[in-house]
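Spelled out from the first residue to the last, the chains are:
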Amino acid sequence: MEAYSNLAEDGPTVAKSISVRQSRIDADTGESLLLFTVVTEERPLGIPVAVQETPQGWLVDWPTFVEFRDDLFGKFVSGPPDRTGVFHLLLSSPDRDQAAATTNEHFLPILVQSVVSEDKRLAFVNRESDALRTIAPNTGENLVFAPVVEVAKRRTSGGKTFLEIVRVVATDWLPHKPAE
């Protein structure tokens, strides 16, 4: 958090509104998880923010909040190729015409979207990957899947760039306790 704030030179996030989206209690620990939507001038669609009760106190899912607040996925997409990043995205199937026009023997197309943007972008998943085995059953007709995915920005031999979903890091956006 400190390293990022030294680079981003940001100040307080001024909210226009904050609302509770969802809450739940973990049956095993009794700890609460609250999901808020924070609307700002820059993010009128709202920023999802998870706040989790822990034995050490309440913790904000800071990395995910910053990812959305600063539209790190949008910056990744508009940045240079030959790099990867991990993002919380919405995945869905393209329509039949778009799928037919972009499917090939090595990759299947998938639509990716950040919740802070209405822009859907085309990404590709290797047909032989574990990522596809997780994504395919969750993005059928009219399904939207909300995983955390590693995305690579690649360049073809012809110089065109494209997004490739390399792996599914988590099948949901909820904060997960690190493995011990």
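This text goes with the structure placed above it.
First, a word on scope: everything that follows refers to the structure included in this document.

1. A short note on the sheet that holds strand β3 (residues 47–54)
- A sheet is described by the order of its strands in space; here 4 strands give the open sequence β1-β2-β3-β4, paired in antiparallel fashion. Of all the strands in the sheet, the pair left with one neighbour each is β1 (15–25) and β4 (57–60). Neighbour-to-neighbour, the strand axes of the sheet open up by a mean angle of 25°, direction not taken into account.
- Here β3 runs beside β4; their pairing, made up of 4 bridges, is antiparallel. Within β4, the residue paired with V51 across the bridge is V60.

2. As for the sheet that holds strand β6 (residues 90–92)
- Reading across the sheet, the 6 strands line up as β5-β9-β10-β8-β7-β6 and stay open at both edges, with mixed pairing between neighbours. Looking along the sheet, the strands with just one partner apiece sit at the ends: β5 (83–88) and β6. Shown here is a sheet whose adjacent strand axes are inclined to one another by a mean of 40°, direction ignored.
- In this structure, strand β7 (residues 107–113) lies alongside strand β8 (residues 121–126), joined through 6 bridges in antiparallel fashion. Among the inter-strand pairings, L111 is bridged to a residue of β8, identified as L122.

What counts as what
- Residues numbered from 1 in each chain as written.
- Predicted model: local features only at pLDDT ≥ 70, side-chain atom pairs only at ≥ 80, totals over all residues.
- Heavy atoms only, no water.
- Pairing = 2+ DSSP bridges.
- Helix = DSSP H or I, 4+ residues; strand = E, 2+ residues; numbered from the N terminus.
- Axes fitted to C-alpha atoms, helices over the stretch in contact; angles between N-to-C directions.

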